[in-house]
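Fold and geometry: a report
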Amino acid sequence: MSAGSVTAEPSVAAAPPGDTGPGLRRYGTGALFLLPAFVLLGVWIVYPAVYTIVRSFYGRSGFGDFVGIDNYKTLFTTSTLTTAIKNNLIWVAVVPAFATAIGLIFAVLTERVSWSVAFKTVVFLPMAISAFATGVTWRIMYVQDPNLGAVNAVGRVVADAVNPPGVLTDALPSSPGLTGTAQTGMVLKTPLHLGSVAPIGLTGIAPDQVPSGAKQAVLPPSRPGRIVGVVWRDFKPGGGVPGKVEPGELGLPGVTVQLRNSENKVVKTAAAAADGTIDFGAIAPGTYTAGISAATFARPWPGFAWLGTKLITPALLIAYIWIWCGFSMVVIAAGLSAMPRDVLEAARTDGATEWQVFRRVTVPLLAPVLSVVFITMIINVLKVFDLVITLAPGSSQNAASVIALAMWRTSFGGINDFGVGSAIAVFLFLLVIPVLALNVRRFRREV
Amino acid sequence: MRSRSALKAAVVLTAIPLAVLAATSIGSSATKARQAQSAVSGSITFDGIWTGQEAKSFQQVIDAFNKVYPKVKVSYKPVGDNLPTVVSTAVAGGHPPDMADIAQPGFVKQLVDKGALKPITYARSTFVANFSPAWIALGTINKKLYGLVFKASNKSTVWYNVKAFKDAGVSGPKTWPQFLHTATTIKASGVPPYSIGGADGWTLTDLFENIYLRQAGPAKYAALTAHKIKWTDTSVTQALHAMALVVGVSGNMAGGTSGAVQTDFPTSVNNVFQNPPKGAIVLEGDFVPGVATVKAKAGTDYNEFPFPSIGGSPASALIGGDTIVAFKDTPAIEAFVKFLGTASAAQTWASRGGFATGNKRMPASVYPDATTRKTASAIAAAKYVAFDMSDQQPASFGATVGQGEWGLFQDFLRNPSNVTGIQKKLESSATAAYKKGK
């Protein structure tokens, strides 16, 4: 079913020289030379193609089970398969256009720089890597955790500069004294008055996340005319008693506690000492609440889920364009170097700006080359398989599926339904045919 | 399509020498069948999935057998993972091997249904002396003994980071409530309790099966495996609710829910085996340490406890394993089958590592290290023993990436509140798969 090898057909068909003279012998010699090609084509192209088409009308169990066009109905009614078709349309709409455009830009720009060979080599290099290896590499780069995935690591640098993470990124209120969550901030339930002591216990803090310099937490004694308290990691091995400062539990130095009045306005803040104690100093009598704002718990940017079901197709498209824009750049650059320079010079002499030269002269003259790149890309994209199967994790493969992958999964990936698998293959073949015809016609014209 | 015909050719090529071997074995054994048991002779062809190191270990077992029966020649052929294809083609061609070991219980049943296998009733007394009834039940199909699970792996182990457990002050829980409480304590200590490899659907089905075996019991487990009860059954509802206690809270998992869905199995292991850990517990089989790529030492960095008992369930083991079956009936084969059921056969391989057996007569001290000793002896002691359920189901339901059980359990991980919806989808997917499988 390889569409690439089907393109070989016209050149073979054009080979027999019919006009060089009559005589059986001449035809006999010609036929003899053609025989190997016909045998190879027959065995590797025609027979499997016909077999696949016939097989697509039979059910899972084999040729005893004629089902008519049921397999094709399945193809258009099964959600995993329609997703694959839809995704392929997205691929065709996006990849050829972007790959050609980016290739064109690179090709035109590299003409102007002195180190263009180095640049072209770098851009072309992905072509030298197998799509399988590319898929594995990008899968690692796309990992969501910014500590692991290169793409999200770049994102974190930007995101954390805008929204700096808090002192404590992972913390839970220790029941029962506090309400709220790390996202909303936490507030001590009991109202405070002068002379109160506020115990603010937090859990869910890993030992290596406790701020440095932390010491054994101390519950300060009540002080008349003041509100004091303690912020500490309310956890010791085994759990301990929630809400009680116990030996082995550390203070959380640097955590800022807000004191709010009855109108819920922050009147004072205090930072915890090494043993976790806080002292709001002298304040007016009244009813207060103490709590920690959400900013303290602000998590670092979590990263985009590139490999999740929502972003997997864009992630694949980016990786695929990365592979192929080198190819389009090289082909377009070749076309560019073959272009008559005097036309460009003439346009410039006539006062055209660089943009006008590019838009009105370069692009129209390059049109044949651009269409080659574009059509090649459409064929490539329709057949895309290896990148998808290696880059998309199993849990996202339904969302990322394309026709070729759906064919493989249906035929060999466990379902082992060669009937539907063949129907998908035939459908893919039908999709490729118009593009091939276009390509063949163009070849003819050029010859 | 192309590769299929190539495969056929390859199968035919391998089948020819097999046929020759089979023919010679029949000829030689038939003449000597009436000789005394001690002087049994003949030859056996044996197709196995074990290759490389495992094939070498099995050769040692054969050598040990030859010390007792020097006149029986066993020719082991390491076929590898394609064994079902090779054996079913050989059976269809009328020249099966004399014996084989098979990893897929579903395939064993298929061979029995085709009438390709010979019962090994003669070995029953040997097995009864060495194995618990649950293990003999694994080899019994249509009320006759056809197979022996010779080499098994324990899928009911829970691996944890020793430092995370020490920091949290917890130790291996025995029961389900203790297990959940342990997780809560670990969470309070600041480490996400579970590392879930949700990008690989089978890790989720293994977790479900472990819960289901303990909660619903072996009879229901077998019924659900054969799709004799529906996936909409209340026992499944209960098991899914229990499973949601583990995978239902985003904060309980390394990377949260969205991270867990994208974590593949090796990463989920590394999350737990590294220091500082990204998660404290990973629920998978005895093969977990072999998957870790971070440096970690058994006992000091990581350790293991058996999957906890649920609702007072007795010691249970979910296993994977290779079943020995016989296609013919000769004194030589009888002798070898019986021998494989003895403690000394198990001992020969167990001492070399990478092996666990349900043979309760084999002393646990034979296993090469403490961790293996614990995980391996647990399966011999278990009262409930069940094969991995998804390995026994039609592949389109139980073993296809992103589809059937694997895909639906991933959906469940994404949205654990929708128990009823998942059950309905599981049921309709199972119905389609079991209908097609026939």
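Calculation criteria
- Every chain's residues receive numbers from 1 upward, in the order its sequence appears when written.
- Both sets of labels track the order of writing: A upward for chains, 1 upward for ligands.
- Reporting in this predicted model follows two pLDDT cut-offs: at least 70 for local features of residues, and 80 or more for side-chain atom pairs to be given and counted; totals over whole chains, interfaces and linings ignore these cut-offs and use all residues.
- Think of the side-chain values as coming from all heavy atoms in the structure, minus any hydrogens and water.
- Only runs of H or I of at least four residues qualify as helices and only runs of E of at least two qualify as strands under DSSP, and these elements are numbered from the N terminus.
- To get the radius of gyration, use the C-alpha atoms; to get the globule rule, take the number of residues to the power 0.38 and multiply by 2.2 Å.
- Relative accessibility decides the category of a residue: with a 1.4 Å probe and only protein chains considered, values under 20% of the type maximum give buried, values over 50% give exposed, and everything between is partly exposed.
- Salt bridge, as applied in this entry: a Lys or Arg side-chain nitrogen positioned within 4 Å of an Asp or Glu carboxyl oxygen.
- Whether two strands pair comes down to DSSP finding at least two bridges between them.
- Orientation is described by lines fitted to C-alpha atoms, with helices fitted over the stretch in contact, and by angles between N-to-C directions that extend from 0 to 180 degrees.
- Contacts: residue pairs with any heavy atoms within 4.5 Å of one another.
- As a working definition, buried area equals the accessible area (1.4 Å probe) given up by two parts on being put together, with both sides summed.
- Values of pLDDT, ranging from 0 to 100, describe the predictor's confidence in every residue of the model.
- Note on ring pairs: Phe, Tyr and Trp rings are taken, using the six-membered ring of Trp, and paired if centres are within 6.5 Å. Classes follow the plane angle, with under 30 degrees stacked, over 60 edge-to-face and the rest tilted.
- For classification purposes, an angle smaller than 35 degrees is called roughly parallel, one larger than 145 roughly antiparallel, one from 65 to 115 roughly perpendicular, and anything else oblique.
- Left-handed describes a crossing whose near helix is turned anticlockwise from the far helix through less than a right angle; right-handed describes the clockwise counterpart.
- Expected helix span is computed as 1.5 Å times (number of residues minus one).
- Working note: the arc is built from the helix axis to C-beta atom directions.

Moving on: the overall build of chain A. Counting secondary structure elements, chain A contains 15 helices and 9 strands. Its C-alpha atoms give chain A a radius of gyration of 35 Å, clearly above 22 Å, the size a compact globule of 447 residues would have. For chain A, the C-alpha atoms occupy an extent of roughly 125 × 75 × 35 Å along the three principal directions. Counting the 447 residues in chain A, one finds 42% classified as buried.

A few words on the pattern of salt bridges. Under the definition given, this model contains 19 salt bridges over all chains. Put simply, E111(A) and R341(A) hold a salt bridge, and the shortest N to O gap is 3.2 Å. In this pair, E111(A) is assigned in the loop between helix 5 (79-110) and helix 6 (116-128) and R341(A) in helix 10 (residues 341-349), connecting sequence segments 230 residues apart. Of the charged contacts in the structure, one is a salt bridge between D233(B) and K220(B), with a shortest N-O distance of 4.0 Å.

Residue and element names in this part refer to chain A. Relative to strand 3 (residues 185-188), strand 2 (residues 178-181) runs antiparallel, the two being bridged by 4 bridges. Across the sheet, the residue bridging to T179 is V187, located in strand 3. The turn joining strand 2 and strand 3, which pair antiparallel and follow one another in sequence, is formed by 3 residues.

This brings us to the sheet that holds strand 6 (residues 256-260) of chain A. Residues and elements named next belong to chain A. Spatially, 2-3-9-6-7 is the arrangement adopted by the 5 strands of the open sheet, whose pairing is antiparallel. Two strands bound the open sheet, and with one partner strand each, they are strand 2 and strand 7 (266-271). On average, each strand axis in the sheet is inclined to that of its neighbour by 25 degrees, with strand direction left out of account.

Here we come to the interface of chain B and chain A. Tallying the contact residues gives 32 residues for chain B and 38 residues for chain A. Here chain B meets chain A over a buried area of about 2800 Å², counting both sides, of which 54% is carbon and sulfur. Linking chain B with chain A are 1 salt bridge. For D264(B), the salt bridge is made with R139(A), and the minimal N-O distance between the two is 3.8 Å.

Residue and element names in this part refer to chain B. Relative to the elements of secondary structure, A239 occurs in helix 10 (residues 234-247). Sequence separation of A239 and A219 is 20 residues, and the distance between their C-alpha atoms is 15 Å. Leave out the neighbours within four places in its chain, and A239 touches F208, I211, Y212 and Q215.

Attention shifts here to the environment of N270(B). Residues and elements named next belong to chain B. Position of N270 relative to the elements: it lies in helix 12 (residues 265-273). For N270, a relative accessible area of 13% corresponds to the buried category. For the pair N270 and A292, spaced 22 residues apart in the sequence, the C-alpha separation amounts to 5.4 Å. Excluding residues within four positions of it along the chain, N270 makes contact with A292, T293 and V294.

Attention now goes to the confidence of the model for chain B. All names here are of chain B. Mean pLDDT for chain B: 87, with 91% of residues reaching 70 or above. Within the model, pLDDT remains below 50 along residues 1-37, and this stretch shows 30 contacts once partners closer than five positions in the same chain are excluded. Under the prediction, the complex receives an ipTM of 0.70, its pTM being 0.77.

It is worth spelling out the packing of aromatic side chains at this point. All names here are of chain B. Evaluated as defined, the whole model comprises 54 aromatic pairs over all chains. Look at F46 and F58: their rings are 5.0 Å apart centre to centre, the planes differ by 50 degrees, and that puts the pair in the tilted class. Here the residue F46 occupies a position in strand 1 (residues 42-48), and F58 occupies one in helix 2 (residues 52-68), the gap between them amounting to 12 residues. Between the aromatic rings of W176 and F179, the centroid separation amounts to 5.4 Å while the plane-to-plane angle is 20 degrees, which identifies the pairing as stacked. Here W176 pairs with F179, and both are found in helix 8 (residues 176-188), just 3 residues apart, close to one helical turn.

All names here are of chain A. Two elements in contact, helix 5 and helix 11 (residues 354-382), have axes whose closest approach is 9 Å; the angle formed by their N-to-C orientations is 140 degrees. With respect to their mutual orientation, helix 5 and helix 11 come out oblique. As helix 5 runs across helix 11, the sense of the crossing is right-handed. Two secondary-structure elements touch here, helix 5 through N88, W91, V92, V95, P96, A97, A99, T100, L104 and V108 and helix 11 through F358, V363, L366, L370, V373, F374, M377, I378, V381 and L382.

So, on to helix 2 of chain B. Along an α-helix, a turn takes 3.6 residues, which lines up residues three or four apart on a common side. Residue and element names in this part refer to chain B. Given a rise of 1.5 Å per residue, 17 residues ought to cover 24 Å, and the 25 Å separating the end C-alpha atoms of helix 2 matches this to within 8%. Taken together, the buried positions of helix 2 are A55, S57, F58, V61, I62, A64 and F65. Taken down its axis, helix 2 places every buried residue within 165 degrees of arc, on the same side. Set apart from the buried face of helix 2 by more than 90 degrees, the exposed residues are Q53, K56 and K67. Residues of helix 2 that are buried make contact with strand 1, strand 2 (72-78), strand 6 (147-154), helix 14 (331-340) and helix 15 (343-350).

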